[in-house]
Amino acid sequence: QVQLVESGGGLVQAGGSLRLSCAASGRTFNIGALAWFRQAPGKEREFVAGILWSAPTTRSYGDSVRGRFTISRDTAGKTMYLQMNSLNPEDTAAYFCAARRLRALGRSAADFGSWGQGTQVTVSA
């Protein structure tokens with residue numbers, strides 16, 4: 001089993017930046033890919049970005065964040081990051097990191113079996 005813990009959320013003004021972290025522990029050798037999802041109240045969980053665990057230059061992004069957000073992984077450790085720039089109020093949501101065993105990028109929440117508890121990001125106008 002893989003455990004995931006997110007951190008770094010908070011309140012920021014529009015146009016600002018935040019960096020989220022996701023620390024992985026447990027059976028991390030089982031991780032094939034990681035991803036960030038977000039969920040705003042009353043909305044479905046949305047894919048934000050994904051990365052391969054063993055090939056961190058292989059990444060994908062959701063259309064709404066491409067060019068503003070960057071996903072990365074600390075190859076010396078077991079931490080994934082999401083650098084978020086040019087934030088706007090539509091980015092307000094709970095952000096979750098997720099892991100899957102299959103070594104392939106996934107964009108659906110159903111593709112991932114391990115989840116963190118989430119961290120709240122609030123962007124004020």
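That block above? That's the structure.
Remember, it's a predicted structure, so these values are computed and weren't measured experimentally.

Trainee: What should I look at first to understand the overall build of the protein chain in this one?
Mentor: Assigned secondary structure in the protein chain consists of zero helices and 11 strands. In the protein chain, the order of α-helices and β-strands from amino to carboxyl end is β-β-β-β-β-β-β-β-β-β-β. Relative to a compact globule of 125 residues, whose C-alpha radius of gyration would be 14 Å, the protein chain shows 13 Å and is just as compact. A principal-axis box enclosing the C-alpha atoms of the protein chain has dimensions of 40 × 30 × 25 Å. Classification of the 125 residues of the protein chain by burial places 48% in the buried group. Once local pairs closer than 6 in sequence are excluded, the contacts in the protein chain between residues at least 24 apart make up 58%. Seen as two clouds, the 14 positive and the 8 negative side-chain charges of the protein chain have centres 9 Å apart.

Trainee: Explanation requested: the side chain of Thr-28 in the structure shown.
Mentor: Within the element layout of this structure, Thr-28 appears in the loop between β3 (18-26) and β4 (33-39). Not counting the four nearest positions on each side in its chain, Thr-28 is found in contact with Val-2, Trp-53 and Lys-78.

Trainee: Explain the environment of Val-123 to me, please; I cannot follow it from the model alone.
Mentor: Among the structural elements, Val-123 can be located in strand β11 (residues 119-124). When the C-alpha positions of Val-123 and Arg-101 are compared, they lie 33 Å apart, and in sequence the two are 22 residues distant. Setting aside its immediate chain neighbours within four residues, Val-123 contacts Val-12, Gln-13, Ala-14, Leu-87, Asn-88, Pro-89, Asp-91 and Thr-92.

Trainee: How should I be thinking about the sheet that holds strand β7 (residues 69-74) in this particular structure?
Mentor: What holds strands together in a sheet is hydrogen bonding between their backbones, with the strands either parallel or antiparallel. Read across the open sheet, the four strands follow the order β1-β3-β8-β7; overall the sheet is antiparallel. In this open sheet, the two strands that pair with only one neighbour each are β1 (2-7) and β7. Mean inter-strand twist for the sheet, computed between neighbouring axes without regard to direction, equals 20°.

Trainee: Explain the pairing of strand β9 (residues 93-100) here, please?
Mentor: The side chains of a regular strand alternate, first on one face of the sheet and then on the other. Counting buried positions over the eight residues of β9 gives eight, a clear majority of the element. Both β4 and β9 contribute to a ladder of seven bridges, which runs antiparallel. Note that in β9 the partner of Ala-33 across the bridge is Arg-100. Bridge count for β9 against β11 is three bridges, and the pairing is antiparallel. If you follow Ala-93 over to β11, its bridge partner there is Val-121.

Trainee: Even after reading the chapter, I still don't get the nonpolar core, so can you show me in this structure?
Mentor: In a soluble, globular protein the nonpolar side chains are often hidden away together inside. Grouped together as the largest cluster of nonpolar side chains are 29 residues, with contacts concentrated most on Trp-36, Leu-82, Met-84 and Tyr-95. Breaking this core down by element, the ones donating at least two residues are β1, β3, β4, β5 (46-52), β7, β8 (79-84), β9 and β11. In contact with Met-84, other than residues within four places in its own chain, are Gly-16, Ser-17, Leu-18, Leu-20, Arg-68, Phe-69, Tyr-95 and Val-121. Within the second largest apolar cluster, five residues are counted, among which are Ala-35, Phe-47, Ala-98 and Phe-112.

Trainee: Mind showing me how you'd approach the state of the cysteines here?
Mentor: Linking two cysteines covalently via their sulfur atoms produces the bond known as a disulfide. Counting across every chain of the model gives one disulfide. There is a disulfide in this structure between Cys-22 and Cys-97, and the S-S distance comes to 2.1 Å. Residues Cys-22 and Cys-97 share a disulfide whose torsion about the S-S bond is about 60°; that sign makes it right-handed. Residue Cys-22 is found in strand β3, and its partner Cys-97 is found in strand β9; the two are separated by 75 residues along the sequence. In this structure, Cys-22 and Cys-97 share a single accessibility class: buried.

About the cut-offs
- Counting starts from 1 at the beginning of each chain's written sequence and moves along it residue by residue.
- Residue-level local features of this predicted model are given only where pLDDT is at least 70; pairs of side-chain atoms are given and counted only at 80 or more, and the full residue set underlies all totals for whole chains, interfaces and linings.
- The side-chain figures draw on all heavy atoms in the structure; neither hydrogens nor water molecules are used.
- Each helix is a run of H or I in the DSSP string that is no shorter than four residues. Each strand is a run of E no shorter than two, and both are numbered from the N terminus.
- As a reference, a globule follows 2.2 Å times the number of residues to the power 0.38, and the radius of gyration itself is taken over C-alpha atoms.
- Type-normalised accessible area, obtained with a 1.4 Å probe on protein chains alone, sets the label of each residue: buried when under 20%, exposed when over 50%, and partly exposed for intermediate values.
- In this analysis, two residues are considered to be in contact whenever any of their non-hydrogen atoms come within 4.5 Å of each other.
- Only four residue types enter the tally: Lys and Arg on the positive side, Asp and Glu on the negative side, with His and both chain ends excluded.
- Lys charges are placed at NZ, Arg charges at CZ, Asp charges at CG and Glu charges at CD.
- At least two DSSP bridges between two strands are needed for those strands to be called paired.
- Working convention: axes come from line fits to C-alpha atoms, limited for helices to the stretch in contact. Angles between N-to-C directions cover 0 to 180 degrees.
- What is meant by a nonpolar core is a set of buried Ala, Val, Leu, Ile, Met, Phe, Trp, Tyr and Cys residues, joined one to another through side-chain atoms within 4.5 Å.
- Criterion for a disulfide: a pair of cysteine sulfur atoms at a distance within 2.5 Å.

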